[in-house]
Amino acid sequence: MGDEGKTLKKLVVCPRAKLTVIPAVPGQLSKIHPLSLLDHMMGVHNLRIVFYYKTPRNKEEGLRHESLKEALSETLSSYPIVTGRLKGGNEEGRWEVQCNDAGVRVVEAKVEGTVEDWLERAEAADEEGLTYWEKMPEDPCFWSTFYVQLTQFEGGGFAIGLSCTHLSADPTSATLLIKAWSEIHRRKAISTPPFFHAYALSPNPQILTVHTPATHLLHSKLTAQNTPQNFGENYPSATFHFPPSSVRTLISKIEEETKLQVTPFEALAALFWVASTRSHHTDSYTESICLCTEFRRLLQVPLPQGYFGNALHFSEVSEKRANLARYNSGLALAARLIHEDQDKAKEEEIWSVINWLAARKSDSGRSSSPFPIYGPGLTVANFEGVMSYNAVFTEGDRPLHVSYRVEPVVGEGMVLVLPSDEGDFGRIVVVTLQGDRLSRLRKDKEVSGLGPKVMFKGSLTRGHDG
Amino acid sequence: MRASQIMPNFQSSVWLKYVKHSFQYLVNHFLTFLLVPIMAASAVELLRMGPKEILRLCDSPHLGLVHILCSSLFIVFMATLYFISKPYPIYLVDYTCYKPPGTYRVPRSFFLEHLKLSPSFDPESVKFQFRILERSGLGERTCVPPALHYIAPDPTMADARAEAELVIFSAMDALFERTGIKPQDVDFLIVNCSMFSPTPSLSDMVINKYKMRSNIKSFNLSGMGCSPSPISVNIARDLLQVHANAYAVVVSTEIVTPNWYTGNQRSMLLPNCLFRMGAATLLLSNRRRESRRAKYRLMHVVRTHRGADDRAYHCVFQEEDVQRNVGISLSKDLMGIAGEALKSNITTMGPLVLPASEQLLFLLSLFARKIFNLKLKPYIPDFKQAFEHFCIHAGGRAVIDELEKNLQLSPEHVEASRMTLHRFGNTSSSSLWYEMNYIEAKGRMKKGDRSWQIGFGSGFKCNSLVWKCNRSIKAEADGPWADCIDQYPVHTVEAVKLQQ
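Residues numbered from 1 in each chain as written. Chains lettered and ligands numbered in written order. Predicted model: local features only at pLDDT ≥ 70, side-chain atom pairs only at ≥ 80, totals over all residues. Heavy atoms only, no water.

1. Here's the deal with the pairing of strand β1 (residues 91-97) of chain B
Residue and element names in this part refer to chain B.
Right, so step 1: Here β1 lies mainly inside the structure; seven of its seven residues are buried.
Right, so step 2: As judged from the two bridges shared by β1 and strand β6 (residues 296-305), these two strands associate in the antiparallel manner. By the bridge assignment for β6, leucine 92 is matched with tyrosine 296.
Right, so step 3: Note: β1 against strand β5 (residues 278-285), six bridges, orientation antiparallel. Bridge pairing in β5 places leucine 92 opposite leucine 284. (Buried < 20%, exposed > 50% of the residue type's maximum accessible area, 1.4 Å probe, protein only. Helix = DSSP H or I, 4+ residues; strand = E, 2+ residues; numbered from the N terminus. Pairing = 2+ DSSP bridges.)

2. Regarding a nonpolar patch on the surface
Residue and element names in this part refer to chain B.
Right, so step 1: A cluster of nonpolar side chains, Phe362, Leu363, Phe367, Ile371, Phe372, Leu374 and Leu376, forms an exposed patch at the surface whose accessible area comes to about 710 Å².
Right, so step 2: Considering the arrangement of structural elements, one finds phenylalanine 372 in the loop between α12 (356-370) and β9 (389-392).
Right, so step 3: Classification of phenylalanine 372 by relative accessible area gives exposed; the value is 61%. (Patch = residues over 30% accessible without salt bridge, like charges linked within 9 Å, V, L, I, M, F, W, Y side chains within 5 Å. Areas by Shrake-Rupley, 256 points an atom, 1.4 Å probe, with all protein chains shown as cover. Salt bridge = Lys/Arg side-chain N within 4 Å of Asp/Glu carboxyl O.)

3. Focus: the packing of aromatic side chains
Right, so step 1: One pass over the structure, following the stated rule, counts 34 aromatic pairs over all chains.
Right, so step 2: A ring pair is formed by phenylalanine 424 of chain B and tyrosine 434 of chain B, whose centres lie 4.4 Å apart and whose planes are at 35°; its orientation type is tilted. Within this pair, whereas phenylalanine 424 of chain B is found in helix α14 (residues 411-424), its partner tyrosine 434 of chain B is found in helix α15 (residues 431-441), the two being separated by ten residues in sequence.
Right, so step 3: We classify phenylalanine 424 of chain B as buried; its relative accessible area is 2%.
Right, so step 4: The cationic tip of arginine 278 of chain A hangs over the ring face of tyrosine 327 of chain A; the distance from NZ or CZ to the ring centre is 4.1 Å.
Right, so step 5: Sitting over the ring of tyrosine 327 of chain A, lysine 445 of chain A keeps its end group 4.6 Å from the ring centre. (Phe/Tyr/Trp six-rings, centres within 6.5 Å; stacked < 30°, edge-to-face > 60°. Lys NZ or Arg CZ within 6 Å of the ring centre and 35° of its normal.)

4. Topic: a positive patch on the surface
Right, so step 1: Residues Lys86, Arg288, Arg297 and Lys468 of chain B make up a contiguous surface patch of positive charge.
Right, so step 2: Checked against the element boundaries, lysine 86 of chain B lands in the loop between α3 (65-85) and β1. (Lys, Arg positive; Asp, Glu negative; His and termini not counted. Charge placed at Lys NZ, Arg CZ, Asp CG, Glu CD.)

5. Digging into the packing of α14 of chain B against α15 of chain B
Each pair of packed helices gets described by two things: the angle between the helix axes and the distance between those axes.
Residue and element names in this part refer to chain B.
Right, so step 1: The contact between α14 and α15 brings their axes to 9 Å, and the two run at 115°. In terms of axis orientation, α14 runs roughly perpendicular to α15. In the packing of α14 onto α15, the handedness of the crossing is right-handed. In this structure, α14 contributes Glu415, Ala416, Ser417, Met419, Thr420 and Phe424 to the contact, and α15 contributes Ser431, Tyr434, Glu435, Tyr438 and Ile439. (Axes fitted to C-alpha atoms, helices over the stretch in contact; angles between N-to-C directions. Parallel < 35°, antiparallel > 145°, perpendicular 65-115°, else oblique. Left-handed = near helix turned anticlockwise from the far one by under 90°. Contact = heavy atoms within 4.5 Å.)

6. Quick word on the nonpolar core
Right, so step 1: In terms of nonpolar packing, the biggest core is built from 95 residues, with Met212, Trp433 and Trp467 of chain B touching the most fellow members.
Right, so step 2: If you tally residues by element for this core, the top one is helix α6 (residues 157-179) of chain B, at nine residues.
Right, so step 3: Of all hydrophobic cores here, the second largest spans 78 residues; its members include Leu19, Ala174, Phe295 and Val430 of chain A. (Core = buried A, V, L, I, M, F, W, Y, C linked by side-chain atoms within 4.5 Å.)

7. Focus on the interface of chain A and chain B
Right, so step 1: With 22 residues of chain A at the interface, the matching set in chain B holds 20 residues.
Right, so step 2: At the boundary of chain A with chain B, the tally comes to three salt bridges.
Right, so step 3: The salt bridge involving arginine 105 of chain A is made with glutamate 113 of chain B; its shortest N-O contact spans 2.6 Å.
Right, so step 4: Along the contact surface separating chain A from chain B lie twelve residue pairs in polar contact (both at pLDDT 80 or more).
Right, so step 5: Secondary-structure elements contributing two or more residues to the side of chain A that touches chain B are β1 (11-21), α3 (65-76) and β6 (104-111) of chain A.
Right, so step 6: Looking at which element gives the most residues to the side of chain A that touches chain B, the answer is β1 of chain A, with five residues.
Right, so step 7: For the side of chain A that touches chain B, a count of residues per class yields eleven nonpolar, three polar and eight charged. (Polar contact = N/O pair within 3.5 Å; in protein donor to acceptor, adjacent residues only side chain to side chain. Nonpolar A, V, L, I, M, F, W, Y, C, P; charged D, E, K, R; others polar.)

8. Points about the sheet that holds strand β10 (residues 286-294) of chain A
The strands that make up a sheet pair up through hydrogen bonds in the backbone, lying either parallel or antiparallel.
Residue and element names in this part refer to chain A.
Right, so step 1: Spatial strand order, β11-β10-β12-β14-β15-β9-β16: seven strands in an open sheet with mixed pairing. Each edge of the open sheet is held by one strand with a lone partner, namely β11 (312-320) and β16 (453-455). Strand-to-strand twist in this sheet, taken as the mean axis angle between neighbours without regard to direction, amounts to 20°.
Right, so step 2: Relative to β11, β10 is paired through nine bridges, and the arrangement is antiparallel. Looking across to β11, one finds that threonine 293 is bridged to histidine 313.

9. As for the sheet that holds strand β5 (residues 96-98) of chain A
Residue and element names in this part refer to chain A.
Right, so step 1: Here we have three strands laid out as an open sheet, ordered β2-β5-β4, and antiparallel in their pairing. On the outer flanks of this sheet lie β2 (32-34) and β4 (85-87), each paired with one strand and no other. The mean angle between the axes of side-by-side strands here comes to 35°, regardless of whether they run parallel or antiparallel.
Right, so step 2: Judged from the three bridges that link them, β2 and β5 form a sheet pairing that is antiparallel. For proline 34, the partnering residue across the bridge sits in β5 and is glutamate 96.

10. Let's talk about the pattern of salt bridges
Pairing between side chains becomes possible if they bear opposite charge and their charged atoms approach one another.
All names here are of chain A.
Right, so step 1: Evaluation of the coordinates by the stated rule reveals 45 salt bridges over all chains.
Right, so step 2: A salt bridge links aspartate 117 to arginine 121; its shortest N-O distance comes to 2.7 Å. Taken together, the residues span about one helical turn, with aspartate 117 and arginine 121 both in helix α4 (residues 115-121) at a distance of four residues.
Right, so step 3: Residue classification places aspartate 117 among the partly exposed positions, given a relative accessible area of 29%.
Right, so step 4: Among the salt bridges present, the one from arginine 427 reaches glutamate 384, with a minimum N-O distance of 2.7 Å.

Right, here's the structure in full:
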């Protein structure tokens with residue numbers, strides 16, 4: 001049984017592998033789109049997303065490189081920012097995107113076996129082979145900000161990998177791009193058209209730079225980058241697949257204790273918070289996590305769902321380790337704290353962060369370069385709203401599985417809560433933790449008691465590109 | 001300039017114009033001017049004679065029955081001889097041009113990026129190709145086949161065949177649909193593609209795809225550069241003179257896939273920047289019943305070959321560079337040689353098409369210079385009087401500029417060529433047909449309009465076709481220009497500053 005896993009390690013990339021797909025309709029080449037302050041904030045990170053599609057019943061029905069590339073080209077006509085190139089040094093010292101139709105890099109690849117086999121046995125490091133990424137060079141004027149990899153499983157099935165810089169898109173935007181592509185592939189109109197508005201998240205002069213918990217958190221992240229971190233390569237990862245029934249059980253358990261109606265994210269965040277607390281020993285009195293929430297609809301004047309760019313808010317919750325480490329009561333306490341954080345209005349904090357970033361930008365020198373945001377503390381991200389399973393390329397064929405990863409991983413690690421193929425209350429949780437915490441977390445009673453299926457185990461090849 | 005100064009200039013130029021027009025009218029309709037007084041005189045004479053005298057003339061012994069019979073027989077005989085010896089009219093029933101999909105586009109930024117990322121080109125070559133592209137006159141919609149969208153493309157023969165099938169079959173399907181004729185009706189098939197010549201040939205490929213008749217006469221021209229479209233039409237014409245009631249299909253294309261140059265020799269880098277995918281298919285016939293729906297009638301074919309001159313022969317030369325990369329080397333003399341080839345061509349073309357007034361002026365100027373040794377500039381006949389439309393091979397900006405200057409054409413006359421270069425790039429032999437289609441799409445082609453297509457090609461050849469429009473042509477809803485004609489003409493700036 002163990003030997004079969006080894007045969008999956010061969011990932012063969014086609015000889016004529018790399019090309020560029022351009023938008024089918026010429027765009028307005030003089031258009032320049034400045035990136036927002038929140039986009040800049042995320043500049044250190046990049047995303048990798050993989051969509052898996054099942055083996056078709058007969059060979060003729062499967063996804064094909066040609067039709068996918070054609071549909072992508074048509075889709076890109078609506079996304080001038082995705083096909084543009086970064087241009088530096090505008091008067092505010094920020095990156096801008098020159099919408100010059102230069103296109104998106106696409107890599108064509110093949111791998112042995114079927115996609116179903118792969119999902120059973122592949123490890124975290126294997127999954128990295130399904131996406132393609134190039135680090136941003138000094139001068140990015142010829143550097144593509146988006147990369148797509150089309151991998152044909154020779155036994156049957158397909159994987160579409162998207163990687164992009166976090167400067168240009170957050171997981172919601174990136175997913176909507178793939179969803180739009182799938183709709184064009186099915187010859188339908190784009191249901192959530194992209195909304196490009198460079199100044200939607202401009203600093204609000206009406207709100208003075210008030211120091212809020214959110215700005216305090218950012219400041220601590222900024223200073224943390226100067227203290228030595230564990231930049232070791234050892235970041236084991238695992239993907240937990242929770243069926244709807246398990247999540248319901250968890251929610252009702254929490255409800256019993258707290259009398260609160262919690263969302264699946266809150267429940268799972270609490271679960272992994274307490275489990276991760278128990279998984280390591282430290283002298284620190286408190287344990288805190290950083291919660292990442294997507295805020296398009298949370299603003300008083302909400303942004304459209306199709307807003308293309310970064311709209312992520314980071315907040316912190318902490319509690320005494322001793323309280324969290326207890327079984328049952330720790331979980332309930334964690335859930336309450338997270339629920340309270342998620343429930344409160346974020347408007348003022350969001351704008352305070354933008355103003356803080358604007359104030360910081362006006363200082364010259366190295367202080368204005370981006371710093372890791374997902375870290376150094378454990379980051380638990382709420383990505384359950386990304387509509388990844390709506391990316392249907394062939395009528396009736398929803399993705400078998402969709403994986404998300406954020407790079408680089410720094411500090412304690414991260415937990416990403418994502419929707420699952422089962423829909424409803426089912427969730428997929430991608431956990432990446434420093435050192436040997438993950439192996440202990442997997443054995444944690446509260447986690448294993450819910451019976452999740454664990455996929456993509458093992459170490460990532462790249463922890464921090466230091 | 002003050003108003004009083006402007007007025008005399010204006011008045012004198014108007015006066016000159018009247019003089020010029022009067023002279024042209026007089027010389028061009030000289031025969032009419034001669035005949036009219038003669039006919040008037042005869043009519044007056046007849047009227048003066050009166051009916052009785054006319055009858056007496058008829059009854060006179062000079063005009064017996066035999067004479068009348070012989071005379072009428074003679075007239076009938078001469079008429080028959082005339083009709084038999086008259087060549088069949090050659091009609092261009094219709095033609096189609098391949099329109100590549102937007103997904104094959106080569107935006108300028110993409111092209112430059114690929115040059116930079118390609119391991120084949122050194123920084124000097126990249127810079128050189130940047131500069132060519134800036135001045136090229138190509139727009140954002142020109143297309144290359146999918147195999148060349150890869151970074152460091154390494155196209156296979158299968159890719160080249162795939163491109164050939166795509167462009168040729170698309171255009172041919174459209175042609176059959178438009179004209180309503182069946183593949184089995186085609187008597188002659190001529191395919192020209194200079195740079196891709198597989199075995200079996202492209203014409204065999206077409207015959208195989210469309211299951212054409214076993215007694216079809218097929219021809220495949222390769223290696224003839226950018227000018228073989230007139231050559232193919234010439235072959236079709238000659239065949240249609242010999243065979244009555246026949247259909248000939250001409251396919252003009254250039255397959256771009258196998259011709260991407262991956263070396264660093266400067267003289268060979270131009271084609272990468274200019275050549276783009278395209279194809280045209282024509283249906284020619286000598287059937288009388290096509291005279292109603294045919295778009296054009298072929299008036300003249302003039303072919304000029306300068307191959308006897310070594311310089312001309314070597315000016316467009318395919319060879320290997322020092323690293324054994326195959327490319328087409330263009331010599332610096334190219335424009336000069338093109339100018340000479342054009343001069344040869346128009347020397348033959350002139351007497352065929354120019355009105356008598358221009359020919360007289362040219363002759364007078366020639367006499368004055370050669371016989372009387374007067375120091376006059378050689379008179380360049382005004383070809384604008386012979387043609388309403390000009391289709392100059394969109395070989396590159398330089399070619400169009402050169403011809404605009406040499407033939408003293410206005411920007412409107414070369415608009416079709418410039419816009420074709422902008423929208424489709426240099427599609428080699430089929431470019432003449434995209435240009436014709438531009439003129440039609442703009443609604444400028446009226447019945448009776450004469451068009452001159454000039455093609456240049458390696459060798460060095462200059463070939464011309466003269467067409468007369470058979471019926472007023474409306475813009476097509478499915479032509480290659482249909483979706484963008486309203487955006488044209490665009491002003492192609494001298495050099496577009498590109499991000500480096």
